[in-house]
Amino acid sequence: MSWGTELWDQYDNLSFHTQKGIDFLERYGHFIRDRCLIEMEYAGKLRRLVKNYQPKKKEEEEYQYSTCKAFKAMLCEVNDLAGQHEVIAENLQSDVIREINYLVKDIKEERKKLLQDSAKYVAMINNQVASLERSRKNYEKAFKEAERALDNFQRADADLNLSRAEVEKQRMNMAIKNQHCEESKNEYANQLQKTNELQSQHYKALMPEVFRQLQELDEKRIRNVRHFMAHSADVERNVFPIINKCLDGIINAANQVNEKQDTILVIERYKSGFEPPGDFPFDDLSRGGESTPLVLPGSGNTYVSSGVGAHRSESMTVKGTMSAGKLKKRVGLFAIFSSNKDDYSELPPNQRRKKILQKLDEMQAKLHQEIAAKDGLMKMKGVYESNPALGDPMSTEGQLNECSQRIDKLNSDIAKYQGLLQEVECNVSPAGTRKHELTEHNGIGNGSTNNLSNHNNRLNTSIPDGRAPLGEDESLSRSASDSSVSIPAVGLNNRYSGETVSLGASRNSLTNDEDPPPYYDIHDLPPLGTCTALYAFEATSEGSIPMFDGEQLLIIEQDQGDGWTRVRRQPPNVEEGFVPTSYISIHSS
């Protein structure tokens, strides 16, 4: 079925229909555009929702519970969901709306050109029909004049009163009119033939071709609308796997909710460490004395029984009541003589111990950072001493002094909090169950009678083999820093108790709870590979060793990013130290 044959006379309707098709395509494009705006708005609102419900700084402690952790994980998944809706909007914008705009522009231009051609063809046929009509009218007029001329000649020829000249004149006029009529007739015939030929071409070739192209244009529009609808669905379907993963993540987060674990966390968070109050004593009035009314625990008051052997002081009772946490320390002028808040003395024993352990963890981490920084400065100083062109060795002295002061300060603070921890653990240890709990929790039980003795030695942070302790101003060589430096600290699950930390983070030596670990024997470190010295090197700083060009060495430790590699000489002259990495060629082991 073709528009050119079936709708040959429906030019105006086809023109109107194609315009409505373009309008529909533009409307569909507006629909996709508005949907993109909705998707972006929805994604933006989801992101704002997630942002509004993100835990605040003051709420971070609450988010240790499994429900809060699951909620936080769910917020992350919802944020990812918002991202997927943004992806939908972006893909619709780039793959659908842009193509629709291009298609509308092309269809409008092609339709305009086809309508211009059809208008030209219509004008041609209209002009030809007008010419035919004019020639027909001329022929009709000439035919009537010829008839009148013939009638006048016949009357003149029949009239005997007219002269011969008058009759001849009428005859000549008749001949002229007949000739003019014949010419008009031929012109009319020619115009009629041209008109018929043009009309046949117009309705059988020219206009059908225009209609055919309009039909193809409209079918192209319809076909692309189908493609756009299907592609829009595919754009959304493509993000379904990721959306399903987000939903699976929410389900996994929900499955992580553990009521028993949260219950234990509540206990750990709010447990005071106080012992429950004992029995109320019997007040024997027969022995004399006055009786003080008893007050139930939780009322915030204390009781004093003045009977024989029945006196209980306020200091003994307060810690055993439920209202102990409500007591407030005296403030005002006397506050200047009170203890520093850094010792957490205002907290119950268990909470105080927890805070002290956290503080020790933080200081131990800072101590490791400062020691690593000092080690790096010492290496830099050694490099400057070996090659003055790179820098002045004295330029690092100020930084080394500051670093040593910070290390000394941290060691002092660790000693302070170590003492506070020992005090807290001694205060809560008289209760048998509590002492057993501390012993197991710190991992220092197993029949040892010196449970707290290790804490007293945790600050003996020193470098074996007679080297200076951490924090002193003496130089800390690379070989000493990579040796086993005992830096124990107090922490949960025996994180620091009796543990030896290697500053180089490449070797860990075994230690015990009695004495600081000895410096490990260099023969205990297996070689990692071999290398060849490319240049001769003179050792100018502590911890480095000289080497000559072409010497074969064993690699004990790879370069940690500071430009130095730890090597060992071949037996029998076993010597170990650091050499510049750029001075050697490393062979694969």
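Quantities reported herein were computed from a predicted structural model and do not represent experimental measurements. (Residues numbered from 1 in each chain as written. Predicted model: local features only at pLDDT ≥ 70, side-chain atom pairs only at ≥ 80, totals over all residues. Heavy atoms only, no water.)

Student: Go over the nonpolar core with me, naming the residues and quoting the values.
Tutor: Membership of the largest hydrophobic core comes to 22 residues, with the highest contact counts inside it found for L25, I32, L92, I100 and F228. Secondary-structure elements contributing two or more residues to this core are α2 (11-52), α3 (66-158), α4 (164-238) and α5 (240-255). Counting residues in hydrophobic clusters, the runner-up holds 15 residues, among them Y344, I407, I414 and L420. (Core = buried A, V, L, I, M, F, W, Y, C linked by side-chain atoms within 4.5 Å. Buried < 20%, exposed > 50% of the residue type's maximum accessible area, 1.4 Å probe, protein only. Helix = DSSP H or I, 4+ residues; strand = E, 2+ residues; numbered from the N terminus.)

Student: Let's hear about the side chain of T195: which residues, and what values?
Tutor: Here T195 lies in helix α4. What makes T195 buried here is its relative accessible area of 3%. Looking at T195, its side chain comes within polar contact range of the side chain of Q128, at 3.1 Å. (Polar contact = N/O pair within 3.5 Å; in protein donor to acceptor, adjacent residues only side chain to side chain.)

Student: How would you sum up the pairing of strand β5 (residues 564-569)? Please name residues and give values.
Tutor: Of all 6 residues in β5, 6 are buried, a share of seventy percent or more. Neither face of β5 is open: one carries W564, R566 and R568, the other T565, V567 and R569, and all of them are buried. Direction of pairing for strand β4 (residues 552-557) relative to β5: antiparallel, over a ladder of 4 bridges. Bridging from a neighbouring strand, I555 pairs with V567 of β5. Between β4 and β5, which pair antiparallel in sequence order, lie 6 residues; one of them, G561, sits at a positive phi of approximately 100°. Both β5 and strand β6 (residues 576-580) contribute to a ladder of 5 bridges, which runs antiparallel. Bridging across to β6, W564 finds its partner in P580. (Pairing = 2+ DSSP bridges.)

Student: Any details on the pairing of β4? Residues and values, ideally.
Tutor: On a regular strand, each side chain points to the face opposite its neighbour's, so the side chains alternate between the two faces of the sheet. With 5 of 6 residues buried, β4 lies mostly within the body of the structure. With 4 bridges connecting them, strand β3 (residues 529-533) and β4 associate as antiparallel partners. The residue bridging T530 from the neighbouring strand is L554, located in β4.

Student: Kindly report on the pattern of salt bridges, identifying the contributing residues and their values.
Tutor: With the rule as written, the count across this model stands at 27 salt bridges. With a closest N to O distance of 2.4 Å, E236 and R35 form a salt bridge. Of this pair, E236 sits in helix α4 while R35 sits in helix α2; the two residues are 201 residues apart in sequence, bridging distant segments of the chain. One continuous salt-bridge network, built from bridges that share partners, spans E133, R136, E140 and K144. (Salt bridge = Lys/Arg side-chain N within 4 Å of Asp/Glu carboxyl O.)

Student: A description of the packing of aromatic side chains should follow, citing residues and the corresponding values.
Tutor: According to the stated counting rule, one finds 9 aromatic pairs in the structure shown. Ring centres of Y28 and F31 lie 6.1 Å apart, and the angle between their planes is 35°; this geometry places the pair in the tilted category. Placement of the pair is Y28 and F31 together in helix α2, with a separation of 3 residues, close to one helical turn. When the centroid spacing of 5.9 Å and the interplanar angle of 0° are considered together, the rings of Y139 and Y188 count as stacked. On the criterion of sequence distance, the pair formed by Y139 in helix α3 and Y188 in helix α4 is long-range, its members being 49 residues apart. Overall, the relative accessible area of 21% leaves Y188 in the partly exposed class. Ring pairs connect the aromatic residues Y535, F537, W564 and Y583, which therefore count as one cluster. (Phe/Tyr/Trp six-rings, centres within 6.5 Å; stacked < 30°, edge-to-face > 60°.)

Student: Just give me the short version of helix α6 (residues 259-270), but keep the residues and values in it.
Tutor: For α6, which comprises 12 residues, the first-to-last C-alpha distance of 17 Å matches the rise-based estimate of 16 Å (1.5 Å per residue) to within 8%. Residues of α6 that are buried: D262, L265 and R269. Mapping the buried residues of α6 onto a view down its axis gives an arc of 55°, with all of them on the same face. More than 90 degrees from the buried face of α6, the exposed residues found are K260 and I264. Residue N258 occupies the N-cap position of α6, its side-chain oxygen lying 3.0 Å from the main-chain nitrogen of K260. (Expected span 1.5 Å × (residues − 1). Arc of directions from axis to C-beta.)

Read these as geometric descriptors, not functional statements.
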